[in-house]
Every structure is written in structure tokens, then in C-alpha cells.
Amino acid sequence: MNAKPKLAVWKFASCDGCQLTLLDCEDELLALAGEVEIAYFVEATSGSVDGPYDLSLVEGSITTEDDSERIQRVRSASKALVTIGACATAGGIQALRNFGDVEEFARVVYASPEYVSTLATSTPIAAHVRVDFELRGCPIDKRQLLEVLTAFLHGRRPEISSTSVCTECKRRGNVCVMVAHGTPCLGPVTHAGCGALCPTYNRGCYGCFGPMESPNTISLTRQLKVLGMTDRGVERVFRTFNADAPEFREASTRG
Ligand code: SF4
Ligand code: SF4
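Residues numbered from 1 in each chain as written. Chains lettered and ligands numbered in written order. Predicted model: local features only at pLDDT ≥ 70, side-chain atom pairs only at ≥ 80, totals over all residues. Heavy atoms only, no water.

K.L.:
Would you mind showing me how to read the overall build of the protein chain here?
P.N.:
A count of helical and extended segments in the protein chain gives 12 helices and 5 strands. On C-alpha atoms alone, the protein chain measures out to a radius of gyration of 19 Å, which is about the 18 Å that the 2.2 N^0.38 rule sets for 255 residues. Projected onto the principal axes, the alpha-carbon positions of the protein chain cover approximately 65 × 50 × 25 Å. Burial status across the protein chain gives 46% buried among its 255 residues. Counting every atom, the protein chain has about 13000 Å² of accessible surface; 53% of that belongs to carbon and sulfur. Each charge class in the protein chain can be summarised by its mean position, and for the 26 positive and 31 negative side chains these summaries are 6 Å apart. (Helix = DSSP H or I, 4+ residues; strand = E, 2+ residues; numbered from the N terminus. Rg over C-alpha atoms; globule rule 2.2 N^0.38 Å. Buried < 20%, exposed > 50% of the residue type's maximum accessible area, 1.4 Å probe, protein only. Areas by Shrake-Rupley, 256 points an atom, 1.4 Å probe, with all protein chains shown as cover. Lys, Arg positive; Asp, Glu negative; His and termini not counted. Charge placed at Lys NZ, Arg CZ, Asp CG, Glu CD.)

Listed below in C-alpha cells is the structure:
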């Protein structure tokens, strides 16, 4: 009998929310556990099996010297490596440090900043090692995660659409909050995946899934200003979970 593929789940600088999405696949988890050997997943089990691993899921960004060394070891031990979530794919909310002075932040926040050992930046995994697929979101979406796992286990590319949240909105038959109510919404430039969760509840999209493919942030910024948003407001709206994704970074600094 062939051995089951080995799955490993790794954590770097993150809140664990994306790993919890995997644990949240209650109905599918038993079937998944039947198809793979969960070889390393500290959030779920204290047992671990040595690599190499067929598939590694990596959550979190690189924020320390130790992180930058550990991710090299994870890459060497993994046949395929998939990053999950805004921290791993764009540096996360902790990448706000990339726009400021990390030493000043440490001085203001911590009573004894000399004990804080950190890099000046928070960077995505792909800035350090080769990544086979990036799954976006803060947190990631369960359906998309299951599609990625299934695809890698069967040796095919995941079928994940890189269109905008607007397409999901239309599919759900939502009334557009920006057109109908003048509510600022990042949906036109944000990667699909959440199922247009916020607009469905009459809120504008916050951009948790990061930039879609070729986003037109210039046009959206113009519209946000028509709705009364100031330059500072535009900066803030693009600087959240995916602040340092290149397209959102550019939009936040354009003014
Ligand atoms: S992407 Fe969001 S939910 Fe996932 S680990 Fe980072 S902060 Fe948590
Ligand atoms: S509510 Fe937002 S995401 Fe939905 S269609 Fe309008 S702009 Fe697009």
C-alpha cells in the first residue's frame, strides 16, 4: 500500500486565524485525515513526524532573524509549499512597521525594548523562498483552502479565481453599497474569495483578500474621493491587512 502524502502546517508571525480555518473544516477534516498523514501541525497535535513533507502550508510573515533561517529549512523539507493568509502572502497587518521606524515603535510600546529582537520589516514568505501557490485572505476562506488541498494532493493547479469581490457580489445578487448608498468599498480592487461577505451585510469591503489581478486602484481612489474621502482616508483604507502588498502600498502612498 502506498504511504499517504505528508502534510505539514507551519506558523510564523501570525494570529493563528488561518490555521484555525483548517481546523474549522469540521465536516471535511475526517475525510482529509484519511487521505493525508498530518505530519506536523502544532495547533492540532503535539506529535510530529520528520520530513520531507509532500505539502507544507505556511501561515505568517517573516519578522525575525530566526524566521528567515527557519523558512529556508521548511522550504528544503517541502516538495510543495503553499502560503496561507495575508500575513504569509503580503506581510500582514504587522507590515505597517514597514512604513515607520520599528525601533521607535518598540520604544513606545514596550517597557524594556532592549529585549525585543525583531527585523525592521515584516515580509511575505515569497520574498524569502520559492512558493508554489499563494492563498489569500485574512483569514483565508475554507472553500478555497479545501480546493487548494485537493488540487495539490491530486497534482493539479488550484482553480482559484483572481477576479474581484464585485464579481462575487453580483453572483449573490447584492445591491452595490457604493452605488446605492455611497459607502466606500474596496471590492472593485480586492481579490475574490470571501463571497462578498461585507457587502452582503451592507458594509463596504475592507480588502482582507488583498489586491486582485491587475487592480485599477487609480480609478477606485478617484471614486473614493468623489464620495468625500480625504488623502489621509485613502491612505488608511489601503493600509490594513495587506498594507504592503505592492498594489495597495502604491495606492496608499499615491496621495
Ligand atoms: S492572515 Fe489574518 S487571520 Fe491569517 S494569521 Fe494573519 S492575521 Fe491571522
Ligand atoms: S458593494 Fe463593493 S464589492 Fe459589491 S459590487 Fe459594489 S463596489 Fe463591488
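Continuing now.
K.L.:
Would you mind showing me how to read the site of ligand 2 here?
P.N.:
Around ligand 2 sit V165, C166, C169, K170, C176, V177, M178, C185, G187, P188 and P199, and those are all the residues in its vicinity. Elements represented by at least two residues in the shell around ligand 2 include exactly helix 7 (165-172) and helix 8 (177-181). The dominant element in the shell around ligand 2, judged by the number of residues it contributes, is helix 7, at 4 residues. Per-class residue counts for the shell around ligand 2 are 9 nonpolar, 1 polar and 1 charged. (Near = heavy atom within 4 Å. Nonpolar A, V, L, I, M, F, W, Y, C, P; charged D, E, K, R; others polar.)

K.L.:
Before we go on, may I ask you to explain the site of ligand 1 in this structure?
P.N.:
Around ligand 1, the neighbouring residues are S14, C15, D16, G17, C18, E59, G85, A86, C87, G137, C138 and P139. The residue makeup of the shell around ligand 1, split by class, is 6 nonpolar, 4 polar and 2 charged.

K.L.:
Teacher, can you tell me more about the sheet that holds strand 2 (residues 37-41) here?
P.N.:
As a general point, the strands of a sheet are linked pairwise by backbone hydrogen bonds and lie either parallel or antiparallel. Taking strand neighbours across the sheet as the criterion, the 5 strands line up as 2-1-3-4-5 in an open arrangement whose pairing is parallel. Every interior strand has two partners, whereas the edge strands, strand 2 and strand 5 (133-135), have only one. For this sheet the average axis-to-axis angle between neighbouring strands, irrespective of direction, equals 20 degrees. With 4 bridges joining them, strand 1 (residues 6-11) and strand 2 adopt parallel strand pairing. From the neighbouring strand, K6 faces strand 2, where its bridge partner is E37. Across the sheet, helix 6 (residues 142-153) is in contact with strand 1, strand 3 (53-59), strand 4 (78-84) and strand 5; its angle to strand 5 comes to roughly 160 degrees. (Pairing = 2+ DSSP bridges. Axes fitted to C-alpha atoms, helices over the stretch in contact; angles between N-to-C directions. Contact = heavy atoms within 4.5 Å.)

Any functional reading would require information beyond the geometric quantities listed.
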